Amino acid sequence: MSLLKVENLTKSYRTFNSLFSHLSHPALQNVSFQLEKGESVGLIGENGSGKSTLARIISGIEKADSGHVWLNGTDIYQRKNRRQQISVVFQDYFSSVNPTMTVLQAICEPLLEQKQAAAKSLEPLVVQFLKKVNLSTDCLHKYIYQLSGGQAQRVCLCRALINNPSLIILDEALSSLDIVTQVQLLELLIELKNEFQLSYFFISHNIQMICYLCERVLFFKQGQIITQSDIENLAEIKSDYAQKLIRSVI
Ligand SMILES: Nc1ncnc2c1ncn2[C@@H]1O[C@H](COP(=O)(O)OP(=O)(O)OP(=O)(O)O)[C@@H](O)[C@H]1O
């Protein structure tokens, strides 16, 4: 059984063009794909092609108009399944976590929503996770706004890991970091993947990062997967659109 099965997802947004009429704009059109346990899949596509909409729907933040998302054979809209098994890290770390929380509070928050526990009692666990993402325990009582971008994104990774998920969605999670920090975090993601048997759904405009982290890549255009390829066969891809996206970075 696949870890993730996405079946015929369709989503449209309404935009009002006057007080009384609206236009329906399709963001996703019959999107289907599967991701196996332990596999990491990249998603690349031009701006506005619907990548973040897909991420929000798979993670259960937003609902599709039609279609299904199955995780380990269970519908993700059953809240308890989603919360424990899918985590998301977004590009904008300062809006993903409340900047006035301490690192301890921010990392514990997903667990506190599930369990009746106090942040203090989870401190030893948080310290273990900080070590895993190479953050000093000196950070524990710092506020999020006092961290650098790279440190804040490591905190977001800790938050994502603490629920022991089987799938982490990374939506442009490294895009706003400098190249040195990007490479450090890519290496860290690979270590964490091996240690926790994770799968990643990695959304990026950068095919080089996708090649580094993933085994397969989906090419997205106007809300549809137009082609896909194993990373090792990328040179043989036929689609002009996919070739253009590959050439735009390499
Ligand atoms: N909440 C919303 N309300 C209305 N339209 C939306 C909403 N969210 C996204 N859209 C529209 O849906 C389309 C897909 O947007 P989305 O952000 O998913 O694309 P994307 O591929 O992630 O873009 P980018 O690479 O620029 O981040 C766009 O036309 C966008 O304007």
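The rules behind each value
Residues numbered from 1 in each chain as written. Predicted model: local features only at pLDDT ≥ 70, side-chain atom pairs only at ≥ 80, totals over all residues. Heavy atoms only, no water. Salt bridge = Lys/Arg side-chain N within 4 Å of Asp/Glu carboxyl O. Helix = DSSP H or I, 4+ residues; strand = E, 2+ residues; numbered from the N terminus. Buried < 20%, exposed > 50% of the residue type's maximum accessible area, 1.4 Å probe, protein only. Arc of directions from axis to C-beta. Contact = heavy atoms within 4.5 Å. Polar contact = N/O pair within 3.5 Å; in protein donor to acceptor, adjacent residues only side chain to side chain. Core = buried A, V, L, I, M, F, W, Y, C linked by side-chain atoms within 4.5 Å. Pairing = 2+ DSSP bridges. Axes fitted to C-alpha atoms, helices over the stretch in contact; angles between N-to-C directions.

Draft legend 1. Representation of the pattern of salt bridges in the model. For the structure shown, the criterion picks out seven salt bridges. One salt bridge connects Glu-39 with Arg-216, and the closest N-O pair in it is separated by 2.8 Å. Of the two residues, Glu-39 sits in the loop between strand S2 (22-35) and strand S3 (41-45) while Arg-216 sits in strand S9 (residues 216-221), which places them 177 residues apart along the sequence. Note that Glu-109 and Arg-159 form a salt bridge whose closest N and O atoms lie 2.7 Å from each other. Here Glu-109, found in helix H4 (residues 103-114), pairs with Arg-159, found in helix H6 (residues 149-161); they are 50 residues apart in sequence, far enough to count as distant. Taking relative accessible area as the criterion, Arg-159 reaches 19% and is therefore assigned buried. Salt bridges linked by common partners bring Lys-11, Arg-56 and Glu-62 together as one network.

Draft legend 2. Representation of helix H9 (residues 240-247). When H9 is considered as a whole, its buried residues turn out to be Tyr-241, Ala-242, Leu-245 and Ile-246. Projected down its long axis, H9 shows its buried positions confined to an angular sector of 135 degrees, all on one face. For H9, exposure combined with an orientation more than 90 degrees from the buried face picks out Asp-240 and Arg-247. Lining the buried residues of H9 we find S3, helix H8 (207-213), S9 and strand S10 (224-230). Sitting at the amino-terminal end of H9 is Ser-239, which places a side-chain oxygen 3.3 Å from the backbone nitrogen of Tyr-241.

Draft legend 3. Representation of the nonpolar core within the structure. Within the largest apolar cluster, 57 residues are counted, with the highest numbers of intra-cluster contacts made by Leu-170, Phe-202 and Phe-219. Counting residues per element, this core draws most heavily on H6, which supplies seven residues. Residues Leu-4, Ala-55, Leu-167 and Leu-218 belong to the second largest nonpolar core, which totals 25 residues.

Draft legend 4. Spatial organisation of the sheet that holds S9. The strand order across the open sheet built from six strands is S6-S7-S8-S3-S9-S10, with neighbouring strands paired in mixed fashion. Looking at strand neighbours, the two that pair on one side only are strand S6 (86-90) and S10, the edges of this open sheet. Going across the sheet, the axis of each strand differs from the next one's by a mean of 20 degrees, ignoring polarity. The pairing of S3 with S9 spans five bridges and is classified as parallel. Within the sheet, the bridge partner assigned to Ile-44 lies in S9 and is Phe-219.

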